[in-house]
Amino acid sequence: MQRNYISIILTFVFITFMNAQEQSKKDLPYYQIPESPKEFTAGTVAARTIDALGFRYYWATEGLRSQDLAYKPNKEGRSTGETVDHIYGLSKMILKTTSLKVNEDKNQELTFEEKRKRTLENFKKVSDILKNATNLEEHKLVFNKNFKLPFWNAINGPITDAIWHSGQIVVMRRSSGNPMPKGVNVLLGTKK
């Protein structure tokens, strides 16, 4: 009788732990693509592009192991971990384009999980701002006070670069023996 009771308690604890783990994953932005906006504007289309990037990045980086992060296709290329770092930097650049201040953490060491979380949060902030943008000309890609480029350059620069590199992570994780989780549908923006 006591064994059954202990078994039931352990099963309950295990299920609760697993549910908490799954809920924690869903608490990060882009487990699924958010519902699409009701109208097409320049801002909502740009925001949807960021949402698609966030979804792809979420699943490209979900479940990466230390050996995946260390994987490097050749001596000239970036490792998966270095690619994650690069996308994190791009996310900060894209956020800066939407005229928000970015937390500068140049001297701060972040774990992979922290970089991943911040990258996803940056994409979410950008999307939220762009959904309400009425004039994308106001969102400049700023390098310094004398060198600014229009939002067009953010699209063909850091935004599509981050999409490109998210795809590279998918290929590299497959090469390191840890393919992307099954059930990710990029067309629908869902995970089964």
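Conventions adopted
Residues numbered from 1 in each chain as written. Predicted model: local features only at pLDDT ≥ 70, side-chain atom pairs only at ≥ 80, totals over all residues. Heavy atoms only, no water. Helix = DSSP H or I, 4+ residues; strand = E, 2+ residues; numbered from the N terminus. Buried < 20%, exposed > 50% of the residue type's maximum accessible area, 1.4 Å probe, protein only. Polar contact = N/O pair within 3.5 Å; in protein donor to acceptor, adjacent residues only side chain to side chain. Contact = heavy atoms within 4.5 Å. Expected span 1.5 Å × (residues − 1).

Looking at an unreviewed UniProt entry, one finds the protein named DinB family protein and attributed to Cellulophaga geojensis KL-A.

**Some thoughts on the environment of A46**
Inspection of the secondary structure puts A46 in helix 2 (residues 42-61). For the pair A46 and V126, spaced 80 residues apart in the sequence, the C-alpha separation amounts to 9.4 Å.

**As for the environment of G167**
Along the chain, G167 falls in helix 6 (residues 151-175). The class for G167 is partly exposed, based on a relative accessible area of 33%. In the structure, G167 is positioned 107 residues away from A60 in sequence and 7.3 Å away in space, judged by C-alpha atoms.

**Brief notes about the side chain of T98**
Inspection of the secondary structure assignment puts T98 in the loop between helix 4 (80-97) and helix 5 (112-131). Of the polar contacts made by the side chain of T98, one reaches the backbone oxygen of L95; its length is 2.6 Å. In contact with T98, other than residues within four places in its own chain, are V126, I129, L130 and H139.

**Section: helix 4**
Given a rise of 1.5 Å per residue, 18 residues ought to cover 26 Å, and the 26 Å separating the end C-alpha atoms of helix 4 matches this to within 8%. Each element contacted by the buried residues of helix 4 is listed here: helix 2, helix 3 (66-70), helix 5, strand 1 (141-144) and helix 6.

**Brief notes about the side chain of D51**
Structurally, D51 is set in helix 2. Residue D51 is classed as buried on the basis of its relative accessible area, which comes to 1%. Apart from residues lying up to four places away in sequence, D51 is in contact with Y30, I33, P34, S127 and K131.

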